[in-house]
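# Examination of the molecular architecture
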Amino acid sequence: MFLIGDVVGKNVILIDDMIDTAGTLCKAADILMEKGAKSVRAMATHGVLSGKAYDNIENSKLLEVIVTDSIPVKNNLTTKIKVLSCAPLFADVMKMVHEHQSISSKFVI
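This text gives an overview of the structure that appears in the document.

Cut-offs applied
Residues numbered from 1 in each chain as written. Predicted model: local features only at pLDDT ≥ 70, side-chain atom pairs only at ≥ 80, totals over all residues. Heavy atoms only, no water. Patch = residues over 30% accessible without salt bridge, like charges linked within 9 Å, V, L, I, M, F, W, Y side chains within 5 Å. Areas by Shrake-Rupley, 256 points an atom, 1.4 Å probe, with all protein chains shown as cover. Salt bridge = Lys/Arg side-chain N within 4 Å of Asp/Glu carboxyl O. Helix = DSSP H or I, 4+ residues; strand = E, 2+ residues; numbered from the N terminus. Buried < 20%, exposed > 50% of the residue type's maximum accessible area, 1.4 Å probe, protein only. Contact = heavy atoms within 4.5 Å. Pairing = 2+ DSSP bridges. Axes fitted to C-alpha atoms, helices over the stretch in contact; angles between N-to-C directions. Core = buried A, V, L, I, M, F, W, Y, C linked by side-chain atoms within 4.5 Å.

A cluster of nonpolar side chains, contributed by Leu 89, Phe 90, Met 94 and Phe 107, occupies part of the molecular surface with about 430 Å² of accessible area. Counting through the fold element by element, Phe 107 comes out in the segment after helix 3 (87-98).

Following this line, the structure appears as structure tokens:
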């Protein structure tokens, strides 16, 4: 694993689609901190969190991990995991479909 760029004194956010065992994520956080990052957080859509994921996250240099509730998460096993609800997004999309409106605005950045 290699770092490209300068992270010295910066707050870094790692973004991914899913976190499974969190091994790669935690290794990336270690490297970023070793290279001078001020802090490292992670965000992912799906927190699969299998195997030793909770221990890996708890014992990592990650300050915070944010995932959605698209998959049930046991966020009481570490204080580092924050869970955001998908419910408002799903409700808006269902309403828009019911009203025959385009939903593309909900998925475009």
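Continuing now.
Below, the discussion takes up the environment of Met 43. Considering the arrangement of structural elements, one finds Met 43 in strand 2 (residues 39-47). Among the residues examined, Met 43 registers a relative accessible area of 34% and is labelled partly exposed. Dropping the residues within four chain positions of it, Met 43 is found in contact with Ile 13, Leu 14, Ile 15, Asp 16 and Ile 66.

Once that is clear, we can look at the environment of Ile 81. Inspection of the secondary structure puts Ile 81 in strand 4 (residues 81-84). The class of Ile 81 is buried, set by a relative accessible area of 4%. Separated by 12 residues in sequence, Ile 81 and Val 93 place their C-alpha atoms 26 Å apart.

Let us now look at the sheet that holds strand 1 (residues 11-19). One open sheet accounts for four strands, arranged 1-2-3-4; its pairing is parallel. Both edges of this open sheet fall to strand 1 and strand 4, since each of them pairs with a single strand only. The mean angle between the axes of side-by-side strands here comes to 20 degrees, regardless of whether they run parallel or antiparallel. With eight bridges connecting them, strand 1 and strand 2 associate as parallel partners. Bridge pairing in strand 2 places Ile 13 opposite Arg 41. Contacts from helix 1 (residues 23-34) reach strand 1 and strand 2 within the one sheet, and its direction differs from that of strand 1 by about 170 degrees.

Further remarks concern the nonpolar core. Counting 21 residues, the largest nonpolar core has Ile 19, Val 40, Leu 49, Leu 62, Val 65, Val 67 and Ile 81 as the members making the most contacts within it. Of all the secondary-structure elements, those providing two or more residues to this core are strand 1, helix 1, strand 2, helix 2 (53-58) and strand 3 (64-68). Among the elements that take part in this core, helix 1 stands out by supplying four residues, more than any other. Once you skip the residues sitting within four places of it in the chain, Ile 81 turns out to touch Leu 49, Tyr 54, Ile 57, Val 65, Val 67, Val 73 and Asn 75.

Turning our eyes to something else, we now look at unusual backbone geometry. Unusually for a residue other than glycine, Ala 22 sits at a positive phi of about 70 degrees. Summarising the element assignment, Ala 22 is placed in the loop between strand 1 and helix 1. Judged by relative accessible area, Ala 22 falls into the buried class, the value being 5%. A positive phi is found at Leu 49, a non-glycine position, where the angle reads about 50 degrees.

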